[in-house]
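# Examining the three-dimensional arrangement
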Amino acid sequence: PEANQAAVQAGNACYKRDDYAGAVAAFTLAIGAYATAEVPAQLLSNRSAAYAGLKEYSAALSDAEACIERRPDWAKAYSRKGNALHGLRLLDPAAAAYRKALELEPNNAIVAKSLLNCEQLLRDNAPTSSAAAAATSAPAAPPAAPPPAMPPQAAAVEEI
């Protein structure tokens, strides 16, 4: 337990100094001390945030979903899922995850801002009727999608 706590503290320290790779390594070491079904949700949440910091959104999503399995009533788990989906540019499911987080924690201003950012991207990327008409008359290369704005929630890990 003492060595595991040291790994958790190292992960928290790495994350605070933007050393996301170090944070992932430390949180992974701490997670390895548990049987799969017993890994604390908070550890998965923190590693999800570190993966998001590395822009490894698929790994962030995997940890967020495992976190939700353990604590389906925890808003932070859904905000982590929203962040990962947002990073993957899966904006509709990201917005749904943020809405679930706000359902569980209605006064969370960071998640509310993340949802607004996500909804703005959805509006900005929605096809217009003139764009749809132009698309039917002449084939065109799809525009390159701009990288998503990383939601503010991705920057917060909790001390364990």
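A brief look at the structure comes next. This one's a predicted model, so the numbers in the text were calculated from it and none came from an experiment.

## Describing the overall build of the chain
- When helices and strands are counted, the chain shows 8 helices and 0 strands.
- Listed by position from the N terminus, the elements making up the chain come as α-α-α-α-α-α-α-α.
- Looking at the 160 residues of the chain, the share that counts as buried comes to 41%.
- Considering only contacts within the chain whose residues lie at least 6 apart along the sequence, 60% involve residues at least 24 apart.
- Surface exposure of the chain reaches about 8,500 Å², of which carbon and sulfur atoms provide 58%.

## Considering the packing of helix H4 (residues 57-70) against helix H5 (residues 75-87)
- Closest axis-to-axis distance for the H4/H5 pair is 8 Å, and the angle between their directions is 160°. When the axis of H4 is compared with that of H5, the two are roughly antiparallel. Seen along the crossing, H4 lies across H5 with a hand that is left-handed. Residues Tyr-57, Ala-60, Leu-61, Ala-64, Glu-65, Cys-67 and Ile-68 of H4 touch H5, and the partners they reach there are Ala-77, Tyr-78, Arg-80, Lys-81, Asn-83, Ala-84, Leu-85 and Gly-87.

## Here we look at helix H2 (residues 20-31)
- Here H2 is 12 residues long and its end C-alpha atoms lie 16 Å apart, about the 16 Å a rise of 1.5 Å per residue gives.
- Residues Gly-22, Ala-23, Val-24, Ala-26, Phe-27, Ala-30 and Ile-31 constitute the buried set of H2.
- Buried residues belonging to H2 abut helix H1 (2-16) and helix H3 (41-53).

## Brief notes about unusual backbone geometry
- One non-glycine residue, Lys-55, adopts positive backbone phi at about 65°.
- Tracing the backbone through its elements, the reader meets Lys-55 in the loop between H3 and H4.
- Backbone geometry at Arg-89 places phi at a positive 65°, although glycine is not the residue there.
- Residue Arg-89 is classed as partly exposed on the basis of its relative accessible area of 23%.

## Thoughts on helix H7 (residues 109-125)
- For H7, with 17 residues, the first-to-last C-alpha span of 24 Å sits near the 24 Å given by 1.5 Å per residue.
- If you check which residues of H7 are buried, you get Val-111, Ser-114, Leu-115, Cys-118 and Leu-121. Buried residues in H7, looked at end-on, bunch into an arc of 120°, giving them a common side. Among the exposed residues of H7, those pointing more than 90 degrees away from its buried face are Ala-109, Leu-116, Arg-123 and Asp-124.

## Brief notes about the packing of aromatic side chains
- What the rule picks out here adds up to 1 aromatic pair.
- The residue whose ring lies beneath Arg-71 is Trp-74, and the NZ or CZ to ring-centre distance is 4.1 Å.
- For Lys-100, the ring lying beneath its charged end belongs to Tyr-78, and the centroid distance is 5.8 Å.

## A closer look at the packing of H5 against helix H6 (residues 91-104)
- The geometry of H5 relative to H6 is characterised by a closest axis approach of 8 Å and an angle of 165° between their N-to-C directions. By the angle between their directions, the pair H5 and H6 is classed as roughly antiparallel. As for the relative orientation of H5 and H6, their crossing is left-handed in sense. Taking contact as the criterion, the partners of Ala-75, Tyr-78, Ser-79, Lys-81, Gly-82, Asn-83, Leu-85 and His-86 in H5 are, on H6, Leu-91, Pro-93, Ala-94, Ala-97, Tyr-98, Lys-100, Ala-101 and Leu-104.
- Of the residues that constitute the contact of H5 with H6, the class distribution is 10 nonpolar, 4 polar and 2 charged.

## Topic: the pattern of salt bridges
- Inspection of every chain in the model, using the stated rule, returns 5 salt bridges.
- For Arg-17, the salt bridge is made with Asp-19, and the minimal N-O distance between the two is 4.0 Å.
- Judged by its relative accessible area of 54%, Arg-17 falls in the exposed class.
- A salt bridge links Lys-100 to Glu-103, with the shortest nitrogen-to-oxygen separation between them at 3.2 Å. Of this pair, Lys-100 and Glu-103 both sit in helix H6, 3 residues apart, roughly one helical turn.

Thresholds applied
- Residues numbered from 1 in each chain as written.
- Predicted model: local features only at pLDDT ≥ 70, side-chain atom pairs only at ≥ 80, totals over all residues.
- Heavy atoms only, no water.
- Helix = DSSP H or I, 4+ residues; strand = E, 2+ residues; numbered from the N terminus.
- Buried < 20%, exposed > 50% of the residue type's maximum accessible area, 1.4 Å probe, protein only.
- Contact = heavy atoms within 4.5 Å.
- Areas by Shrake-Rupley, 256 points an atom, 1.4 Å probe, with all protein chains shown as cover.
- Axes fitted to C-alpha atoms, helices over the stretch in contact; angles between N-to-C directions.
- Parallel < 35°, antiparallel > 145°, perpendicular 65-115°, else oblique.
- Left-handed = near helix turned anticlockwise from the far one by under 90°.
- Expected span 1.5 Å × (residues − 1).
- Arc of directions from axis to C-beta.
- Phe/Tyr/Trp six-rings, centres within 6.5 Å; stacked < 30°, edge-to-face > 60°.
- Lys NZ or Arg CZ within 6 Å of the ring centre and 35° of its normal.
- Nonpolar A, V, L, I, M, F, W, Y, C, P; charged D, E, K, R; others polar.
- Salt bridge = Lys/Arg side-chain N within 4 Å of Asp/Glu carboxyl O.

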